[in-house]
Amino acid sequence: MKGIHFFQIACFIVLVFCAISNACAASQYTHEQWKEILAIGEDKDYTIGAALTLTIEPDQYFRNPGDEIVLSGILKGIFGPLSGSDIVIERRNSSSEVTYLNTSTDESGIYGITDILTEPGIYSYQATYRPDQEINTNIMKSERLEITCIQSDSTTFFEPDERHPGTGNQKASDSDKEEEIIVQLTSNTTEFISGQDISFSGQVSIKENPIAYAKVSLVPEVGLSCTGEPVLYQTRKDGTMNATFHLTAPDPLFFSLHYQKNRNEPEYLSDTVFLVPSDTGMNPPPRIVHPSETIDVFIDNTSVQSLQNITLYGWYCKKEGEPGFLSTLDLVWYNFGGKVWDQYQNSSKILTNRYGFFECMVPAPFTPGMYVLAVKREGNLTTPTVYSNVLPLTVTPLDEESDEVMDVLESSPRQILINAAPVPARVLEEGTISLILSGFDSIDADTLHLLIYSSTNSIDWNLYDEISPVIPSEEITIPFLPEKEGYLYFKATADNHDGVTIHSPILVIPVIK
């Protein structure tokens, strides 16, 4: 009985505290006024539950010398805003010079101060608040934000022959010349639009004979001193390899293909592929300097029609706040059970720029519905995989009576469109899977080989059907017969004439009685 009585009293106290907290949070009273109203003594800590924010306006990462920015934020606790509080903003620049900007909060707990960007370089800002109370000596800090000040004409263009002169062969001695190992790398363009994907083709040969299954690495660079991490590939039987990347402005990029048979043998490089952005790309929001490895991702539109382009962008932050420059990321999506599926659609790897920013433009799925997207950084034996925040995406159907459907299909990149009817399916009632290979050309038509896989758990996959040859843009229908309630999963793959494998989205079919 005493236990029940104690429980009732405890619940009452919690309810009262919650009611007071809600009232305080919505109130315009300052913490000093709440202290008088509630008759709280001087020994109480009024910063419990308080938060200090910082924003930069304009909300843009790239700025020019002479620009004025506004640093503002709010200091608020569970008893309302903390007015009359001194705020110190720590300002750092590329030369590690530290200055401090002093301001204070108004009656609403809001503070604001301006700053002038005097010279090119990276600037970071963090607001701090030291409570004027002996009971609490902890300093409150906002997130650290970073922006970059650049000259409008600061992008330097380097000619390829200034970087890796020669024929693309590097040998350690005259005896190695007899091997005549040649490493080649080409791209499908010399310019790129920020966010779109660019294709690379490479080949390794010796005395004009291909080196099959050779380990090679594609190395990106910016300028003369910023080299990214090597991206590993393996040549096919004919000594060739292919790679695609979503590239990010505003700097020109350099790529070279490296081959080294063994660690103690010479390394061979291709000539450098030089790519220039045709636009400056978007001006992203300030970068949050996280203390741990983090990916922040945003989306330009959370509701689109089938196959319409969507753009995802964001920041990759390494440990201790360092920008993840020239790093590779993958766009992934989740199923209804919260499990992460494979790479999103036919999206390529995403390459960050020298500041750790990335931009990725991909077509939305063909099948209408709700999707959940994320960006990941693949781990290895020593580091875990890092995932970004998740983003919802709603895909609505195109107006089938208009010509827009065919226009989208004809202009879309190579992809496999997959759909089903009816949805949901019913047990022991036959349904139909429809597939269309979009964006393929006449050269592909002679070699297209379509493989369809099925699964009951989205983890274990079995070959369901095999179709060859396949005529692009013609609909293929395949029957299926559900045997029990739950979910059925289907996906398809096809190889084009370049040997690149195209993956369809994973089709999820709910099955009911």
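See the structure above.
Just so it is clear, the model here is predicted, and its values are computed rather than measured.

Colleague: Please set out the sheet that holds strand 36 (residues 431-438) residue by residue, giving values where relevant.
Modeller: Read across the sheet, three strands follow the order 34-36-39 without closing on themselves; strand pairing throughout is antiparallel. Where the open sheet ends on each side, the last strands, each with one partner, are strand 34 (415-421) and strand 39 (476-480). The mean angle between the axes of side-by-side strands here comes to 20°, regardless of whether they run parallel or antiparallel. By the bridge criterion, five bridges tie strand 36 to strand 39 in an arrangement that is antiparallel. In the strand pairing of strand 39, Thr432 is matched with Pro479.

Colleague: So, the environment of Lys318: which residues are in play, and what are the values?
Modeller: Relative to the helices and strands, Lys318 resides in the loop between strand 26 (309-317) and strand 27 (328-334). On the accessibility criterion, Lys318 (29% relative accessible area) is partly exposed. Once the C-alpha coordinates of Lys318 and Thr294 are considered, the two residues, 24 residues apart in sequence, prove to be 6.6 Å apart.

Colleague: Quick one: what's the story with unusual backbone geometry, residue by residue and with numbers?
Modeller: The omega angle of the peptide bond from Ala249 to Pro250 is 10°, so this bond is cis rather than trans. Note that Pro250 resides in the loop between strand 19 (240-246) and strand 20 (253-259). Val423 connects to Pro424 through a cis peptide bond whose omega is 0°. A positive phi angle, near 65°, is found at Glu208, a position not held by glycine. With respect to the helices and strands, the residue Glu208 is situated in the loop between strand 14 (197-206) and strand 15 (209-210). On the basis of relative accessible area, Glu208 is assigned to the exposed category, the value being 76%. Non-glycine residue Glu320 carries a positive phi angle of around 60°. By the element assignment, Glu320 lies in the loop between strand 26 and strand 27.

Colleague: Can you tell me about the packing of aromatic side chains, naming the residues and giving the values?
Modeller: Considering all chains together, one arrives at 16 aromatic pairs under this definition. Relative to Tyr355, the ring of Phe62 lies with its centre 5.2 Å away and its plane at 75°, an arrangement referred to as edge-to-face. In this pair, Phe62 sits in strand 3 (residues 62-63) while Tyr355 sits in the loop between strand 29 (349-351) and strand 30 (357-363), placing the two residues 293 residues apart along the sequence. You can call Phe62 buried: its relative accessible area is 11%. Taking relative accessible area as the criterion, Tyr355 reaches 10% and is therefore assigned buried. Each residue in the set Tyr61, Phe62, Phe298, Tyr313, Trp315, Tyr355 and Phe357 is aromatic and connected to the rest through ring pairs, giving one cluster. The ring of Phe325 carries Lys318 above its face, with NZ or CZ at 5.5 Å from the centroid. We note Lys491 situated over the ring of Trp461; from NZ or CZ to the ring centre the distance is 4.4 Å.

Colleague: Any chance you could break down the sheet that holds strand 24 (residues 294-299) for me, citing the residues and the numbers?
Modeller: The strand order across the open sheet built from three strands is 24-26-30, with neighbouring strands paired in antiparallel fashion. Strands at the two margins of the open sheet, each flanked by one partner only, are strand 24 and strand 30. Looking at each pair of strands side by side, their axes are set apart by 25° on average, direction ignored. Where strand 24 meets strand 26, six bridges bridge the pair, whose relative direction is antiparallel.

Colleague: Break down the pattern of salt bridges for me, with residues and values.
Modeller: Within this structure, the stated rule accounts for nine salt bridges. For Arg287, the salt bridge is made with Glu146, and the minimal N-O distance between the two is 2.9 Å. In this pair, Arg287 sits in strand 23 (residues 287-289) while Glu146 sits in strand 11 (residues 144-149), placing the two residues 141 residues apart along the sequence. Residue classification places Arg287 among the buried residues on the basis of a relative accessible area of 1%. Across the pair Asp251 and Arg354 runs a salt bridge, and its minimum N-O distance is 3.0 Å. One end of the pair, Asp251, is in the loop between strand 19 and strand 20; the other, Arg354, is in the loop between strand 29 and strand 30, with 103 residues separating them in the sequence. For Asp251, a relative accessible area of 10% gives the class buried.

Colleague: Residues and numbers for the environment of Thr148, please.
Modeller: Secondary-structure assignment places Thr148 in strand 11. Judged by its relative accessible area of 2%, Thr148 is buried. Taking the C-alpha atoms as reference points, Thr148 and Arg287, 139 residues apart in sequence, are found 9.5 Å from one another. A polar contact of 2.7 Å, which involves the side chain of Thr148, links it to the side chain of Tyr61.

Rules used in this analysis
- Residues numbered from 1 in each chain as written.
- Predicted model: local features only at pLDDT ≥ 70, side-chain atom pairs only at ≥ 80, totals over all residues.
- Heavy atoms only, no water.
- Pairing = 2+ DSSP bridges.
- Helix = DSSP H or I, 4+ residues; strand = E, 2+ residues; numbered from the N terminus.
- Axes fitted to C-alpha atoms, helices over the stretch in contact; angles between N-to-C directions.
- Buried < 20%, exposed > 50% of the residue type's maximum accessible area, 1.4 Å probe, protein only.
- Phe/Tyr/Trp six-rings, centres within 6.5 Å; stacked < 30°, edge-to-face > 60°.
- Lys NZ or Arg CZ within 6 Å of the ring centre and 35° of its normal.
- Salt bridge = Lys/Arg side-chain N within 4 Å of Asp/Glu carboxyl O.
- Polar contact = N/O pair within 3.5 Å; in protein donor to acceptor, adjacent residues only side chain to side chain.

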